[in-house]
Amino acid sequence: MQESFSKDIIAYLELEHLPADEQAEIVAQIMELLQKRILMRLPEFLGDVDPQILRPIAGDFERLIKLIKTQVPNFDEILKEEVATIQQELKEAAETTTA
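Residues numbered from 1 in each chain as written. Predicted model: local features only at pLDDT ≥ 70, side-chain atom pairs only at ≥ 80, totals over all residues. Heavy atoms only, no water.

Core analysis: the biggest nonpolar cluster contains 28 residues, and I9, I38, F45, L46, I68 and F75 have the highest contact counts within it. Mapped by element, the contributors of at least two residues to this core are helix 1 (2-12), helix 2 (20-40), helix 3 (42-46), helix 5 (61-71) and helix 6 (75-98). Sequence-distant contacts of F75, that is, excluding residues within four places in its chain, are made with I38, F45, I65, I68 and K69. (Core = buried A, V, L, I, M, F, W, Y, C linked by side-chain atoms within 4.5 Å. Buried < 20%, exposed > 50% of the residue type's maximum accessible area, 1.4 Å probe, protein only. Helix = DSSP H or I, 4+ residues; strand = E, 2+ residues; numbered from the N terminus. Contact = heavy atoms within 4.5 Å.)

What follows is the structure, given as structure tokens:
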């Protein structure tokens, strides 16, 4: 899942022109930020799920995403929105530092 999602991030953020190592670094940072944002929204996504189900997968982000997808039909769209928000924040930060 992560490899395909990484490709999506590279395409969405138009990073194809960068060397592979720079792409990988940017994607890793975005994935870390995305994971934190998803974890913060966990109660919103899985509020009705029995906590006993969550315990075994708590440290496995990919399994957690699979569970969220079963509960939230439009989760892929939510991920895209989060990536778009991150992209906007990065643009604003870049403009602030160059101003």
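Under the criterion given, the structure shown has 6 salt bridges. R37 is paired through a salt bridge with E82; the nearest N and O atoms lie 3.5 Å apart. Of this pair, R37 sits in helix 2 while E82 sits in helix 6; the two residues are 45 residues apart in sequence, bridging distant segments of the chain. Both residues of the pair, R37 and E82, belong to the buried class. (Salt bridge = Lys/Arg side-chain N within 4 Å of Asp/Glu carboxyl O.)

On to the confidence of the model for the chain, then. Fine structural detail should not be taken from predicted coordinates in areas where pLDDT scores are low. Averaged over all residues, the pLDDT of the chain equals 82, while 95% of them reach at least 70. Helix 2 holds the highest mean pLDDT among the elements of the chain, 87, whereas helix 1 holds the lowest, 75. (pLDDT = per-residue confidence, 0-100.)

For the rest of this paragraph, the subject is helix 2. Owing to its 3.6 residues per turn, the α-helix aligns residues three or four sequence positions apart on the same side. Helix length check: helix 2 (21 residues) gives 30 Å between terminal C-alpha atoms against 30 Å at 1.5 Å per residue, within 8%. Burial in helix 2 covers these residues: Q23, V27, I30, M31, L34, R37 and I38. The buried residues of helix 2 occupy an angular sector of 125° when the element is viewed end-on, so they sit on one face. Opposite the packed face of helix 2, turned more than 90 degrees from it, sit the exposed residues D21, E25 and M40. (Expected span 1.5 Å × (residues − 1). Arc of directions from axis to C-beta.)

Within helix 5 the residues assigned to the buried category are F61, L64, I65, L67 and I68. One side of helix 5 carries all its buried residues, which in axial view fall inside an arc of 160°. Set apart from the buried face of helix 5 by more than 90 degrees, the exposed residues are K66 and T70.

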